[in-house]
Amino acid sequence: MISKKLKICNKKGLHARAAAKVVSLANNFKSNITLVKDGKDADARSIMKILMLSASKGTSINVQIDGEDQENAMKSIVKLFNQGFDEGI
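(A) Broad picture of the overall build of the protein chain. Across its full length, the protein chain holds three helices and four strands. Helices and strands in the protein chain line up, N terminus first, as β-α-β-β-α-β-α. Radius of gyration (C-alpha) of the protein chain: 11 Å, near the 12 Å computed for a compact globule of 89 residues. For the protein chain, the C-alpha atoms occupy an extent of roughly 35 × 25 × 20 Å along the three principal directions. Out of the 89 residues in the protein chain, the part that is buried amounts to 43%. As presented, the protein chain carries roughly 5000 Å² of accessible surface, and 47% of it is formed by carbon and sulfur atoms.

(B) Spotlight on the sheet that holds strand β1 (residues 2-7). Pairing in this open sheet of four strands is antiparallel, and the strands run β1-β4-β2-β3 from one edge to the other. Here the strands that pair on one side only, and so sit at the sheet edges, are β1 and β3 (40-43). Adjacent strand axes in the sheet meet at a mean angle of 25°, parallel and antiparallel pairs treated alike. The sheet contact formed by β1 and strand β4 (residues 60-66) spans six bridges and is antiparallel. Across the sheet, residue Lys-7 finds its bridge partner in β4, namely Ser-60. Sitting on the sheet, helix α3 (residues 70-82) touches β1, β2 (32-37) and β4, and the angle it makes with β1 is about 5°.

(C) Here's a closer look at the nonpolar core. Judged by nonpolar contacts, the single largest core of 28 residues is most densely connected at Leu-14 and Val-63. When neighbours within four sequence positions are excluded, Leu-14 is seen to be in contact with Ile-8, Ala-19, Val-22, Leu-35, Ile-50, Leu-51, Ala-55 and Phe-85.

Analysis parameters
- Think of each chain on its own: its residues are numbered from 1, step by step along the sequence as written.
- Since the coordinates come from a predicted model, pLDDT governs what is reported: local features require at least 70, and pairs of side-chain atoms require 80 or more to be given and counted, while whole-chain, interface and lining totals use all residues.
- Values shown for side chains rest on all heavy atoms present in the structure; no hydrogens or waters enter the calculation.
- Strands here are runs of E lasting at least two residues and helices are runs of H or I lasting at least four, both read from the DSSP assignment and numbered beginning at the N terminus.
- The quantity called the radius of gyration is restricted to C-alpha atoms. Its globule counterpart is 2.2 Å times the number of residues to the power 0.38.
- Burial here depends on accessible area, computed with a 1.4 Å probe over protein chains only, as a share of the maximum for the residue type. Under 20% is buried, over 50% is exposed, and the range in between is partly exposed.
- In these tables, accessible area is a Shrake-Rupley quantity obtained with a 1.4 Å probe, and a residue counts as shielded only by the protein chains included in the view.
- Strand pairing requires that DSSP identify at least two bridges connecting the strands.
- Here the axes come from fitting lines to C-alpha atoms, over the contacting stretch only for helices, and the angles between their N-to-C directions go from 0 to 180 degrees.
- Residues are treated as being in contact if the distance between any of their heavy atoms lies within 4.5 Å.
- Nonpolar cores are built from buried Ala, Val, Leu, Ile, Met, Phe, Trp, Tyr and Cys residues. Side-chain atoms within 4.5 Å join them into one set.

Any functional reading would require information beyond the geometric quantities listed.
What follows is the structure, given as structure tokens:
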């Protein structure tokens, strides 16, 4: 298992459109991807669980990935977060 702390940098935080992008990306990998904020965790394949994290701009999320393609999954998740979910930060 690998983990990394990522900061949400887009204006609207991890809202519905951004969460949908995380779900779409997570479904491309076999590894289990979990987002953790303040002790609450969310399966990255569940838009409702991601939205329940209530992660606004500036929030740090711990991303935990476990599985055979975890390295590639982490690279993709990091890229998505760093690009502000393609929303022009």
